[in-house]
Amino acid sequence: MPLEPAPERGFRRVMHCDLDCFFAAVEELDNPRLRGKPVIVGGDPDRRGVVSTANYAARRFGVHSAMSGAVARRLCPGGIFLRPRFDRYRELSRAVMAIVDDFCEVREQVSIDEAYGELPPGVVGCTPAQTIATRLKARVLEETGLVISVGVGRNKSIAKLASDLSKPDGLLVVKPGAETEFLRPLPVGRLNGVGPHTREKLRAMGITTVGDLASRDGGELAAALGKHGAWLWHLARGQDDRPVIADHGPPKSVSCEDTFERDIADLDRAAEQVSRLGAEVAARVAQKRLVGRSVTLKVRWSDFRIMTRQQPLAQLTAEAEPIVAAALDLLTCEIGPLLAVGGALRLLGVGLHNIESLDAPAWAPVESASGYIQLPLFDVDEMRTA
Ligand SMILES: [Mg+2]
């Protein structure tokens, strides 16, 4: 039975942003002497470590992600082998994602160096998307020193293919209506989800290009490869209805506030409330396994004016003591003098800001005790284009 075409949402412009050779690029950025040399970041080759990222100079020797470090060293004996510095990568990843946020409505981060973005609804046609992608690339380079490839298309699959195909330093906008022309000549292995195994099966069916796949009967694909076959058939026809879903990352802040039945005009009573609110904030962040780096005190005066004051903390914390101490400091120094001259408070709030999660994000590479590098969210095909 022929498959129904995938339901298409309204007109969309999806952007796929992917940093080029991210880990290796950061190492080159932080150590200019490495530039132009083959740089390979990964586990210890002597302890069966695996390559996380190789820069383009190393790729010329045939080194690629997910390859064993020992093989990489054989291929590229003059290569510079470095252990990953995940804290630094996360720091730069955050900076890049914050820039991506400025250019799209919704951003979905899919790995430490890769995100989809939904462009604002006003962006139609080719030129505005091209302009957005150009500006985004320029800002990432200017503010972080890193090179990011950007692809834009009507859905996630096309956007990702566009960024992959235009790497390094890529920028490719697939115009609305040009999807078929764009997809047809590509080797079928380019489609996300076609690994060596599926590619072999498709080849046996006489399918080597995306165009071959698209021209077949969808039912035939479903019969041969099940659900996965049907999905690939839709991708080959430029159909991909997956939405861009905003990250469920840690909240930006956690706060507690109270409006009082009767205004508070007395510093000691305000301090009592601030201590209670601060302790409550601490309990909430600890329960969510979060830590924060700055404390805010918010007040609303009896005339409804709002004032917010912020104080940094010495270190990331979820402890009540430093949170309460910082909030009380702010109260005494900033609010106290105004209470002393007759001010009265309707509301007090304490917040913890610059929040980070204690749990590693789902996409973060994890280094295991054995020295292997595990990249949970990448499959081998994806890593090759990392
Ligand atoms: Mg990448």
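Owing to the predicted nature of the structure, the values given are computational and were not obtained by experimental measurement. (Residues numbered from 1 in each chain as written. Predicted model: local features only at pLDDT ≥ 70, side-chain atom pairs only at ≥ 80, totals over all residues. Heavy atoms only, no water.)

## Side note on the environment of glycine 151
Reasoning step 1: Inspection of the secondary structure assignment puts glycine 151 in strand S7 (residues 148–153).
Reasoning step 2: Separated by 10 residues in sequence, glycine 151 and leucine 161 place their C-alpha atoms 7.3 Å apart.
Reasoning step 3: Once residues within four sequence positions are removed from consideration, glycine 151 is found in contact with Val14, Met15, His16, Ala159, Ala162, Ser163 and Leu172. (Helix = DSSP H or I, 4+ residues; strand = E, 2+ residues; numbered from the N terminus. Contact = heavy atoms within 4.5 Å.)

## Things to note about the sheet that holds strand S2 (residues 39–42)
Reasoning step 1: In space, the three strands of this open sheet follow the order S3-S2-S4, with mixed pairing throughout. Each edge of the sheet is formed by a strand with only one pairing partner; in this case those strands are strand S3 (51–54) and strand S4 (80–82). Adjacent strand axes in the sheet meet at a mean angle of 25° when their direction is disregarded.
Reasoning step 2: Pairing analysis gives three bridges linking S2 to S4, with the strands arranged parallel. Counterpart to isoleucine 40 in the pairing with S4 is phenylalanine 81.
Reasoning step 3: Contacting S2, S3 and S4, helix H1 (residues 22–30) runs over the sheet at an angle of about 120° to S2. (Pairing = 2+ DSSP bridges. Axes fitted to C-alpha atoms, helices over the stretch in contact; angles between N-to-C directions.)

## Concerning helix H12 (residues 320–340)
Reasoning step 1: Residue glutamate 334 marks the point of greatest curvature in H12, where the axis turns by about 40°; the proline proline 337 follows within four residues.
Reasoning step 2: Along its buried surface, H12 packs onto strand S9 (253–264), helix H11 (267–287), strand S10 (290–301), strand S11 (306–317) and strand S12 (345–353).
Reasoning step 3: Note on H12: the residue one or two positions beyond its end, glycine 342, has a positive phi of about 105°. (Bend = angle between axes of the 7 residues up to and from the residue.)

## What to know about the sheet that holds strand S5 (residues 106–111)
Reasoning step 1: Pairing is mixed in the open sheet, where five strands are placed in the order S5-S6-S1-S7-S8. Strands with a single pairing partner mark the edges of an open sheet, and in this sheet they are S5 and strand S8 (171–173). Strand-to-strand twist of the sheet, defined as the mean angle between neighbouring strand axes without regard to direction, takes the value 15°.
Reasoning step 2: Both S5 and strand S6 (residues 114–118) contribute to a ladder of five bridges, which runs antiparallel. Looking at S6, one finds that glutamine 109 is bridged to alanine 115.
Reasoning step 3: Contacting strand S1 (14–19), S5, S6, S7 and S8, helix H6 (residues 156–166) runs over the sheet at an angle of about 140° to S7.

As far as function goes, none of this settles anything; it's purely spatial.
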